[in-house]
Amino acid sequence: MKPFEHVHAGSIEEALSLLRQYGGKGLLMAGGTDLLGVLKDQILQDYPEVLINLKTIPNLETIEESSGGLRIGALAKLAHIASSPLVQSRYAALSQAAESVASPEIRNMGTLGGNLCQDVRCWYYRYPHHMGGRMLCLRKGTGPCHAVKGDNRYHAILGAKKCFVVCPSDTAIALSALRAEIDVVGEKGKRTLPVEEFFKPLGNALEKGELVKEIRIPDSPAGCRQAFLKFTERRPIDFAVASVAAVIRMQDARCVEARVFLGGVAPMPWRAAAAEECLLGKSIDPSAAEEAARASVAGAKPLRGNAYKIEIVKALVKRAVLS
Ligand SMILES: Cc1cc2nc3c(=O)[nH]c(=O)nc-3n(C[C@H](O)[C@H](O)[C@H](O)COP(=O)(O)OP(=O)(O)OC[C@H]3O[C@@H](n4cnc5c(N)ncnc54)[C@H](O)[C@@H]3O)c2cc1C
């Protein structure tokens, strides 16, 4: 790994000021579980001179109830989110998603902010420099998306136009279904955006000099049921081949609200709007779940090697709806 300076930020203001001071040569670091791999493999052309340690910022690890919902600081560890009784009881889809991430070691270091901002896992994009040279591609600003003609078994089947990576973050899928919002701060102040809008076809919505401060989830109304399910090739550590988060609100035994988001299939958390429509007004039974499962993959355009994901998504959606 190339050498870099490591500076501690004592506050959000200091982190923002360090970002400004170092310009493109400074990168934020939280748990480092993703970033250090990116740097070791030198997958990016621009290498940072300085890592700005966020973990020294106090009070950014909190998981607390606020009026109308839950606030989670960007530095909250995935392990704490997974084991929090509050999250388990009221936001089960999020605790299940956090619990499904990687291994205990990574969950003990990895933060929610880092999980949302982590770099993608496309094997062309992440090809290490020391193994014959990094691969340039559309996402890096030069070249094609190699997945189109290459081995694309883990790539997108929905919502991709030019770059076929999939959103690697499990928590993003659950947070999207839970209507969570991200508070981002920068020099110009604070802005808030829904989690699903944070992910862009070639990156995320952070502008230069901004960082993620907090994630807020509104209260789940009475009668809400929720689940996060994930299919992986390897256990216990693996990214999702496909996942689903479903939040369904029932009234008088009928579904009055449904949010169904898919992971591992699109560059962003993918809202399965047609599946949600299928469930509205219905009692939740195997035939409604089957219909929603079929609708969840509406518009899928698999590449040569990943059509198998369609059946996996359908099975996950059916199970999540019935669970
Ligand atoms: C072996 C392995 C298996 C994994 N499996 C899974 C999995 O199954 N599911 C899954 O979802 N993830 C998985 N991951 C990814 C893992 O969850 C992330 O590495 C972790 O969540 C990143 O958190 P971190 O705090 O360590 O981030 P860091 O590594 O410190 O940072 C990651 C990126 O986010 C940026 N960043 C961090 N915090 C902020 C902030 N507050 N504001 C703005 N930018 C920020 C950094 O600049 C960097 O670009 C896996 C990782 C590994 C190594």
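These figures come from a predicted structure and were not determined experimentally.

Engineer: What should I look at first to understand the side chain of asparagine 306 in this one?
Structural biologist: Mapped onto the elements of the fold, asparagine 306 is located in the loop between helix H11 (286–296) and helix H12 (308–322). At a separation of 3.3 Å, a polar atom in the side chain of asparagine 306 contacts the main-chain carbonyl oxygen of asparagine 152. Within the structure, the side chain of asparagine 306 is placed 2.7 Å from the backbone nitrogen of leucine 303, a separation counted as a polar contact. When near neighbours in sequence (up to four residues on either side) are disregarded, asparagine 306 contacts Asn152, Arg153, His155, Ala156 and Ile157.

Engineer: Hey, could you run me through the site of the ligand in this one?
Structural biologist: Close to the ligand lie 33 residues, the nearest being Leu28, Gly32, Thr33, Thr111 and Asp170. In this structure, an oxygen atom belonging to the ligand sits 2.7 Å away from a main-chain N or O atom of glycine 32. In the model, an oxygen atom of the ligand is placed 2.8 Å from a nitrogen or oxygen of the aspartate 34 main chain. Residue assignment for the shell around the ligand shows that the elements contributing at least two residues are strand E2 (26–29), helix H7 (112–117) and strand E10 (211–218).

Engineer: What am I meant to see in the sheet that holds strand E4 (residues 63–66) here?
Structural biologist: In a beta sheet, neighbouring strands are held together by backbone hydrogen bonds and run either parallel or antiparallel to one another. If you walk across this open sheet you meet the 5 strands as E4-E5-E10-E6-E7, and the pairing is antiparallel. On the outer flanks of this sheet lie E4 and strand E7 (189–194), each paired with one strand and no other. Going from strand to strand, the sheet's axes swing by 25 degrees on average, the running direction of each strand aside. As paired elements, strand E6 (residues 181–186) and E7 share 6 bridges and run antiparallel to each other. In the strand pairing of E7, aspartate 183 is matched with threonine 192.

Engineer: Is there a simple way to think about the nonpolar core in this case?
Structural biologist: Considering soluble globular proteins, one finds that nonpolar side chains tend to be buried as a cluster. Counting 72 residues, the largest nonpolar core has Leu94, Leu116, Leu175, Ile217 and Leu279 as the members making the most contacts within it. If near-sequence neighbours (up to four positions away) are discounted, leucine 175 is found in contact with Leu94, Leu112, Leu116, Ala180, Val195, Ile215 and Ile217. With 16 residues, the next largest nonpolar core counts Ala9, Ile12, Ile57 and Val185 among its residues.

Engineer: Explain the sheet that holds strand E13 (residues 254–263) here, please?
Structural biologist: Ordered by their spatial adjacency, 4 strands build an open sheet running E11-E12-E13-E14, and the pairing between neighbours is antiparallel. Looking at the sheet topology across the chains shown, the edges are occupied by strand E11 (224–231) and strand E14 (270–271). Sheet topology places E13 next to E14; 2 bridges connect them, and they run antiparallel. Paired with leucine 262 across the bridge in E14 is tryptophan 270.

What counts, and where the lines are drawn
- Residues numbered from 1 in each chain as written.
- Predicted model: local features only at pLDDT ≥ 70, side-chain atom pairs only at ≥ 80, totals over all residues.
- Heavy atoms only, no water.
- Helix = DSSP H or I, 4+ residues; strand = E, 2+ residues; numbered from the N terminus.
- Polar contact = N/O pair within 3.5 Å; in protein donor to acceptor, adjacent residues only side chain to side chain.
- Contact = heavy atoms within 4.5 Å.
- Near = heavy atom within 4 Å.
- Pairing = 2+ DSSP bridges.
- Axes fitted to C-alpha atoms, helices over the stretch in contact; angles between N-to-C directions.
- Core = buried A, V, L, I, M, F, W, Y, C linked by side-chain atoms within 4.5 Å.
- Buried < 20%, exposed > 50% of the residue type's maximum accessible area, 1.4 Å probe, protein only.

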